[in-house]
Amino acid sequence: VLRLHTGDARHLPMPSQPVYTVHYRSARQIVPGETQDVVTLDAMGTGHPVPVEQATVSVTLPAPVEVGSLRAEGVTAAGGRDLHVALSATGQARWTLTRPLPAHAGLRVRLAFPKDIAAAPEPRQQVIWWLRDHAGLILALAGWLVLAIYCVLRWQRVRQPLVFGVVPLRHEPP
């Protein structure tokens, strides 16, 4: 989840008409399928408290693709498909809002394209990604294991042997 905070209310005179241009690159978004691969992107989430007057989302594939083999879809949380979609033979799809979005209305785009346009990650790369994604959990489990081993070893060193039988009655503290 990416949350972007821009500006500082103490340094910006109100009312204002700020314009933001956000460029970002994304990796690991391709979902492989049987005959085609798909990229789905929540370009704008529903958590923004201000309306969006204009927005353009571009997805560029690593290789040229026939326009007829691309399938682009887009939907806004404002209740419809208020988007213009342009596809290019260079492997680019562009979604542009046709009307402003109200506050808390998101924008999701989806592009389907022929299989093997983008190389699938090697199994080794997938393992590396999994380890990076779960590094905190792995570290926590390793720490717990070290602590458990330490506690067992320490307990074995200081424990008193158990004596079975009658417990003697004492009238004074030990």
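Below: a short report on this structure. (Residues numbered from 1 in each chain as written. Predicted model: local features only at pLDDT ≥ 70, side-chain atom pairs only at ≥ 80, totals over all residues. Heavy atoms only, no water.)

### Let's talk about a nonpolar patch on the surface
- Residues Val127, Trp130, Leu131 and Ile138 make up a contiguous nonpolar surface patch of roughly 370 Å² in combined accessible area.
- At three residues, the largest contribution of residues to the nonpolar patch is made by helix H1 (residues 123–133).
- Mapped onto the elements, Trp130 comes out in helix H1. (Patch = residues over 30% accessible without salt bridge, like charges linked within 9 Å, V, L, I, M, F, W, Y side chains within 5 Å. Areas by Shrake-Rupley, 256 points an atom, 1.4 Å probe, with all protein chains shown as cover. Salt bridge = Lys/Arg side-chain N within 4 Å of Asp/Glu carboxyl O. Helix = DSSP H or I, 4+ residues; strand = E, 2+ residues; numbered from the N terminus.)

### What to know about the nonpolar core
- One finds Val57, Trp95, Leu101, Leu107 and Leu111 to be the most contacted residues of the largest nonpolar core, which totals 21 residues.
- Taken together, the elements giving at least two residues each to this core come down to strand S2 (36–44), strand S3 (56–60), strand S6 (92–97) and strand S7 (107–114).
- The residues contacting Leu107, other than those within four sequence positions of it, are Leu41, Asp42, Ala43, Met44, Val57, Val75, Thr76, Leu83 and Leu101. (Core = buried A, V, L, I, M, F, W, Y, C linked by side-chain atoms within 4.5 Å. Buried < 20%, exposed > 50% of the residue type's maximum accessible area, 1.4 Å probe, protein only. Contact = heavy atoms within 4.5 Å.)

### Structural notes on the sheet that holds strand S4 (residues 71–76)
- Pairing is antiparallel across the open sheet formed by four strands, whose spatial order is S1-S2-S7-S4. Both edges of this open sheet fall to strand S1 (30–31) and S4, since each of them pairs with a single strand only.
- When S4 meets S7, the two strands line up antiparallel, connected through six bridges. From the neighbouring strand, Gly74 faces S7, where its bridge partner is Val109. (Pairing = 2+ DSSP bridges.)

### Remarks on the packing of aromatic side chains
- Inspection of the entire model under this criterion finds zero aromatic pairs.
- Sitting above the plane of the Trp155 ring, Arg159 keeps its charged end 5.0 Å from the centroid. (Phe/Tyr/Trp six-rings, centres within 6.5 Å; stacked < 30°, edge-to-face > 60°. Lys NZ or Arg CZ within 6 Å of the ring centre and 35° of its normal.)

### Digging into the side chain of Asp37
- By the secondary structure assignment, Asp37 is in strand S2.
- Looking at Asp37, its side chain comes within polar contact range of the main-chain nitrogen of Gly33, at 3.4 Å. (Polar contact = N/O pair within 3.5 Å; in protein donor to acceptor, adjacent residues only side chain to side chain.)

Such coordinate-based values are descriptive only and should not be taken to indicate function.
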